[in-house]
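# Fold and geometry: a report
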Amino acid sequence: MLTSLVTRNFSKKIKKIGVVGAGQMGTGIAIVGAKVAGLEVKCVDLNESALENSNKFVKNWLEKEEGKGRLTADEKYDVLNKMSFSTRLEELDQTDFVVEAIIENFDIKKSIFEKLDKIVPEDAILASNTSSLSITKLASTVPERADKFIGMHFMNPVPVMKLVEVIKGLQTSPETLQTVLDMAKSMNKITSTARDIPGFIANRILIPYINEAVFALYEGIGTVEDIDITMKYGTNVPMGPLTLADFIGLDTVLYIQQILHTELGDSKYRPCPLLVNYVQAGYLGRKSGKGFYDYTKK
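Definitions and cut-offs
- Residues numbered from 1 in each chain as written.
- Predicted model: local features only at pLDDT ≥ 70, side-chain atom pairs only at ≥ 80, totals over all residues.
- Heavy atoms only, no water.
- Helix = DSSP H or I, 4+ residues; strand = E, 2+ residues; numbered from the N terminus.
- Rg over C-alpha atoms; globule rule 2.2 N^0.38 Å.
- Buried < 20%, exposed > 50% of the residue type's maximum accessible area, 1.4 Å probe, protein only.
- Areas by Shrake-Rupley, 256 points an atom, 1.4 Å probe, with all protein chains shown as cover.
- Lys, Arg positive; Asp, Glu negative; His and termini not counted.
- Charge placed at Lys NZ, Arg CZ, Asp CG, Glu CD.
- UniProt positions renumbered as here; feature names shortened; annotations may be inferred.
- Contact = heavy atoms within 4.5 Å.
- Axes fitted to C-alpha atoms, helices over the stretch in contact; angles between N-to-C directions.
- Parallel < 35°, antiparallel > 145°, perpendicular 65-115°, else oblique.
- Left-handed = near helix turned anticlockwise from the far one by under 90°.
- Nonpolar A, V, L, I, M, F, W, Y, C, P; charged D, E, K, R; others polar.

### Structural notes on the overall build of the protein chain
The secondary structure content of the protein chain amounts to eleven helices and eight strands. The C-alpha atoms of the protein chain give a radius of gyration of 20 Å, which matches the 19 Å a tight globule of 298 residues would have. Structurally, the protein chain occupies a C-alpha span of about 65 × 55 × 40 Å along its principal axes. The burial tally for the protein chain puts 47% of its 298 residues in the buried class. Within the structure as shown, the protein chain displays about 15500 Å² of accessible surface, and the carbon and sulfur contribution to it stands at 52%. Each charge class in the protein chain can be summarised by its mean position, and for the 36 positive and 37 negative side chains these summaries are 3 Å apart.

### Here's the deal with the UniProt feature "site: Important for catalytic activity" (unreviewed entry) in the protein chain
In this structure's numbering, the residues bearing the UniProt feature "site: Important for catalytic activity" (unreviewed entry) are His-153. Counting through the fold element by element, His-153 comes out in strand E6 (residues 149–154). Residue classification places His-153 among the buried positions, given a relative accessible area of 7%. Each residue touching His-153, except ones within four places of it in the same chain, is listed here: Ser-128, Asn-129, Thr-130, Ser-131, Leu-163, Val-164, Glu-165, Ile-167 and Asn-203.

### Section: the environment of Ile-248
Its place among the elements puts Ile-248 in helix H9 (residues 241–248). Residue classification places Ile-248 among the partly exposed residues on the basis of a relative accessible area of 28%. Remark: the alpha-carbon pair of Ile-248 and Pro-208, spanning 40 residues in sequence, is separated by 14 Å. Ile-248 has contacts with Leu-206, Ile-210 and Val-253, leaving out every residue within four places of it along the chain.

### A look at the packing of helix H10 (residues 250–264) against helix H11 (residues 273–280)
Look at H10 against H11: their axes get within 9 Å of each other, and the N-to-C directions meet at 135°. Relative to H11, the element H10 lies oblique. As H10 runs across H11, the sense of the crossing is left-handed. Seen from H10, the contacting residues are Leu-250, Asp-251, Val-253 and Leu-254; seen from H11, they are Leu-275, Val-276, Tyr-278 and Val-279. Considered class by class, the residues forming the contact of H10 with H11 number seven nonpolar, no polar and one charged.

What follows is the structure in C-alpha cells.
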C-alpha cells in the first residue's frame, strides 16, 4: 500500500528576544514584543544616551496608553518588567531570537551579526529589520547559522502599523520562516512574504513613488502642497508622498533609492537631483527640522 507523507513546518517556541538598536524602530519592536506578544525583551544599544531616550519613550508611551484606557496600571508595570536595557551584546546570551534594527550599512550590520553569532545560543534565530539590503548576503556573515537568518521588516511607527514584511534568504530554513510568521502573528501583525530582491515589496514600490513626487516638484509640475494634496485626497492615503518622505528621512529615502538604482541597474530608479541636493544641504525632514516642509515654525 502506498501512503502519502505530508510535510509540516514546525516552528520554534520563542520566549526571550533581543533587539539591537534603541532608535525609533528598535524601541517600537521592543514595545510590541513585550506588550502584545508578552515576550521578555532585552534592548541593546552601545549608545547610553540612545538607551535612556528609548527607556523614557517606552515609559511615556505606556503612560499615554494607560491614560487612554487601553491598558491598566498592572498591565503597564507588567510590560515594564518584561523590558530591560543594556549596552552589552553579551547579555543576549540567553535569547531565542534577536532582531537588528540599526543603521542601513552592510559593514556595520556585518560586524554586529558576527558578534551575535558567538554570543547567542546555537539554535537562536537572527533577523534584520533592513528595508533594502540583501538577506542572503547578510546571512553569509554567519555561515554556520545562515539557515536561522531572516529578514523581518517592520513598518514605522511599529506600535501602530500592522504590517511586517518577511524576507526569506536563499539559506533560510522553512522552520525559521514559520517561527517568524508565528511570532509576528503573536505581535498582532499582518505579514507578507517577499523574495530577496532589492527593496523587497514595500520599498520597491514606495521609494520610486516618492522619488517621482520629488521629480514632479523638481520639474515645477506642482508645489510641495499641491503634490501632497493631489496624492492624499486623490488616492485616499493618510499623507502625501513629500510629507511621508520627511517622516521617513530624506537621507534614508535617498539611500534606498541608490541601492535600487545600483543593484537593479535600471535608469527608472535614478534618484532625483533635487533629492540629492536636499540631503547634501542637511535638509533631512522632521529629524533635522527641515525637509520639503519647515518644521521649525511649528
